[in-house]
Amino acid sequence: MSTVALIVGDRARLRSDRFLSAMVSRVMKEALMTHRDALHLTNEVVIDSLQRQAVLREASIAVRQLVLKKTTDSLRFPLLDQLTQQQERRYVFLSLCTGFTRTNDNYLRASVANDNPRKASTTIYALVYDKQSQRIVYAQGLTESHEPLDPARMAQHLQRLLNADFGFAQKSAGYPNANPVSESH
């Protein structure tokens, strides 16, 4: 799932753009599929646009805990429980991408006002949900300054995020047979 903002004009108002978010979701899905074997991803749990907001809310709570370096053990994720109930696999891999990009006009204006403005920024979070214990058992995030719409950079970003824990050079001993959660449009 993705939520990406477009900065337009001379005011830095970050507001999620549905079109950009959908495009980045597709880019992320493609990047994940390149690592399908290493992550032991089997099938995809597809969610509709109504469920998207609730899953995004649940994932955001877990990510907030990650950023604050707090445990997610006491948190409950009712929608993730519901969505994964019929799945054969114990673990669900959930990716969340947040970020922003600027129009060229906004970037030029920001360059005049600021010595070194960022043209774009992307943060990818990876979560593994254990449906048996009903909790997040793995959470990691990484922020980089690049376009969230660039498929090659997104794939590299995802690989850097997961390489330390899942080692793409070798088979992952991590969370076998996880199902990625994505959204339908």
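Position labels on residues start from 1 in each chain and follow its written sequence. Totals for whole chains, interfaces and linings use all residues, but because this is a predicted model, local features are given only for residues with pLDDT of at least 70 and pairs of side-chain atoms are given and counted only at 80 or more. Side-chain measures were taken over the full set of non-hydrogen atoms in the model, leaving aside hydrogen atoms and water.

## What about the overall build of the chain?
Secondary structure follows DSSP: runs of H or I at least 4 residues long count as helices, runs of E at least 2 residues long count as strands, and numbering of each begins at the N terminus. Secondary structure summary: the chain contains five helices and six strands in total. Going residue by residue from the N terminus, the α and β elements of the chain occur as β-α-β-α-α-β-α-β-β-α-β. For every residue, the accessible area (1.4 Å probe, protein chains only) is compared with the maximum for its type, and the residue is labelled buried under 20%, exposed over 50%, or partly exposed between those bounds. Expressed as a percentage of the 185 residues in the chain, the buried residues total 46%. Long-range contacts, defined as pairs at least 24 residues apart, comprise 69% of the intrachain contacts of the chain with a sequence gap of at least 6. Methods summary: accessible areas were calculated by the Shrake-Rupley approach with a probe of 1.4 Å, and residue burial reflects only the protein chains presented. In the structure as shown, the chain presents an accessible area of about 10,000 Å², 49% of it carried by carbon and sulfur atoms. The contact criterion used is simple: two residues touch if any of their non-hydrogen atoms lie within 4.5 Å.

## Digging into the pattern of salt bridges
What makes a salt bridge here is a side-chain nitrogen of Lys or Arg within 4 Å of a carboxyl oxygen of Asp or Glu, nothing more. For the structure shown, the criterion picks out two salt bridges. Of the charged contacts in the structure, one is a salt bridge between Arg90 and Asp130, with a shortest N-O distance of 2.8 Å. With a gap of 40 residues between them, Arg90 in the loop between α3 (78–84) and β3 (91–102) and Asp130 in strand β4 (residues 120–130) connect regions that are remote in the sequence. Glu144 is the salt-bridge partner of Arg160, the closest N and O atoms lying 2.7 Å from each other. On the criterion of sequence distance, the pair formed by Arg160 in helix α5 (residues 151–166) and Glu144 in strand β5 (residues 135–144) is long-range, its members being 16 residues apart. Since its relative accessible area comes to 43%, Arg160 is described here as partly exposed.

## Describing the side chain of His146
Structurally, His146 can be placed in the loop between β5 and α5. For His146, a relative accessible area of 4% corresponds to the buried category. At a separation of 2.8 Å, a polar atom in the side chain of His146 contacts the side chain of His157. Not counting chain neighbours up to four residues away, the residues in contact with His146 comprise Ala120, Ser121, Thr122, Arg153, Met154 and His157. Two N or O atoms form a polar contact when they lie within 3.5 Å of each other; inside protein one atom must be a possible hydrogen donor and the other a possible acceptor, and for residues adjacent in sequence the pair counts only when both atoms belong to side chains.

## Looking at unusual backbone geometry
With phi around 60°, His40 is a residue other than glycine that occupies positive phi space. Tracing the backbone through its elements, the reader meets His40 in the loop between α1 (18–34) and β2 (45–47). Despite not being glycine, Gln134 has its phi angle at roughly 55°, a positive value. Inspection of the secondary structure assignment puts Gln134 in the loop between β4 and β5. Owing to a relative accessible area of 34%, Gln134 belongs among the partly exposed residues under this scheme.

## Description of the pairing of β3
The buried fraction of β3 is high, at eleven of twelve residues. One requirement defines pairing of two strands: DSSP has to find at least two bridges between them. Note: β3 against β4, eleven bridges, orientation antiparallel. Bridging across to β4, Val92 finds its partner in Tyr129.

## Some thoughts on the pairing of β4
Burial analysis of β4 places eleven of its eleven residues in the buried class, which makes it a mostly covered element. Neither face of β4 is left uncovered, since the one carrying Ala120, Thr122, Ile124, Ala126, Val128 and Asp130 and the one carrying Ser121, Thr123, Tyr125, Leu127 and Tyr129 both have all their residues buried. With antiparallel pairing between neighbouring strands as the criterion, β4 and β5 make up a hairpin whose turn holds four residues, including Gln134 at a positive phi of roughly 55°.

## Focus on the environment of Arg160
Considering only alpha carbons, one finds Arg160 and Leu142, 18 residues apart in sequence, at a separation of 8.3 Å. Not counting residues within four places of it along the chain, the set of residues in contact with Arg160 comprises Leu142 and Glu144.

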